[in-house]
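The lines below spell out each chain.
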Amino acid sequence: MATKKVALACSVCGSRNYMVTKKPERMERLEVKKFCKFCGQHTLHRETM
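Note that the structure is predicted; figures quoted are calculated from it, not measured.

*Asks:* Just to check I follow, could you spell out the pattern of salt bridges for this structure?
*Replies:* A pair can form between side chains of opposite charge whenever their charged atoms are brought close. One pass over the structure, following the stated rule, counts two salt bridges. Here lysine 22 and glutamate 47 are joined by a salt bridge, their closest N and O atoms 3.0 Å apart. A residue pair is termed long-range when its members are at least 10 positions apart, and lysine 22 in strand β2 (residues 16–22) and glutamate 47 in strand β4 (residues 41–48) qualify at 25 residues. Between arginine 46 and glutamate 31 there is a salt bridge, and its shortest N-O distance comes to 3.0 Å. Residue arginine 46 is found in strand β4, and its partner glutamate 31 is found in strand β3 (residues 31–36); the two are separated by 15 residues along the sequence. Using a relative accessible area of 39% as the deciding quantity, one classes arginine 46 as partly exposed. Note on glutamate 31: relative accessible area 47%, which makes it partly exposed.

*Asks:* Would you explain the environment of threonine 3 in this entry?
*Replies:* Of note, threonine 3 is situated in the segment before β1 (4–10). With 19 residues separating them along the chain, threonine 3 and lysine 22 place their C-alpha atoms 5.6 Å apart. When neighbours within four sequence positions are excluded, threonine 3 is seen to be in contact with Thr21 and Lys22.

*Asks:* What is the right way to read the packing of aromatic side chains from this model?
*Replies:* What characterises a pair of aromatic rings is the spacing of the ring centres plus the angle enclosed by the ring planes. Applying the stated criterion across every chain, the model contains zero aromatic pairs. Above the face of the tyrosine 18 ring, lysine 34 is positioned so that its terminal group lies 4.6 Å from the ring centre.

*Asks:* Explain the environment of histidine 42 here, please?
*Replies:* Position of histidine 42 among the secondary structure elements: in strand β4. By relative accessible area, histidine 42 is classed as exposed at 54%. For the pair formed by histidine 42 and alanine 7, sequence separation is 35 residues and the distance between their alpha carbons is 17 Å. The residues touching histidine 42, leaving out its near neighbours within four places in the chain, are Lys33, Lys34 and Phe35.

*Asks:* Looking at this model, I keep getting lost on the sheet that holds β1. Mind explaining?
*Replies:* Within a sheet, neighbouring strands are paired by backbone hydrogen bonds and run either parallel or antiparallel to one another. As summarised here, the arrangement of the four strands in space is β2-β1-β4-β3, forming an open sheet in which the pairing is antiparallel. With partners counted over all chains shown, the strands left at the sheet margins are β2 and β3, one partner each. Strand-to-strand twist of the sheet, defined as the mean angle between neighbouring strand axes without regard to direction, takes the value 40 degrees. Across six bridges, the pairing between β1 and β2 is antiparallel. Opposite valine 6, over in β2, you have valine 20 as the bridge partner.

Scoring rules and cut-offs
- Residues numbered from 1 in each chain as written.
- Predicted model: local features only at pLDDT ≥ 70, side-chain atom pairs only at ≥ 80, totals over all residues.
- Heavy atoms only, no water.
- Salt bridge = Lys/Arg side-chain N within 4 Å of Asp/Glu carboxyl O.
- Helix = DSSP H or I, 4+ residues; strand = E, 2+ residues; numbered from the N terminus.
- Buried < 20%, exposed > 50% of the residue type's maximum accessible area, 1.4 Å probe, protein only.
- Contact = heavy atoms within 4.5 Å.
- Phe/Tyr/Trp six-rings, centres within 6.5 Å; stacked < 30°, edge-to-face > 60°.
- Lys NZ or Arg CZ within 6 Å of the ring centre and 35° of its normal.
- Pairing = 2+ DSSP bridges.
- Axes fitted to C-alpha atoms, helices over the stretch in contact; angles between N-to-C directions.

So, in structure tokens, the structure goes:
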């Protein structure tokens, strides 16, 4: 089973701060609350293509 690397982008400023691996059987986009160093706060980060 191969995994794919995807970026997580901040929903507030749009910067791509994190890289994570994604399993191919997951169909929905990943959404995680993480710290954004550009905003200086915890914000929702969404998976980008």
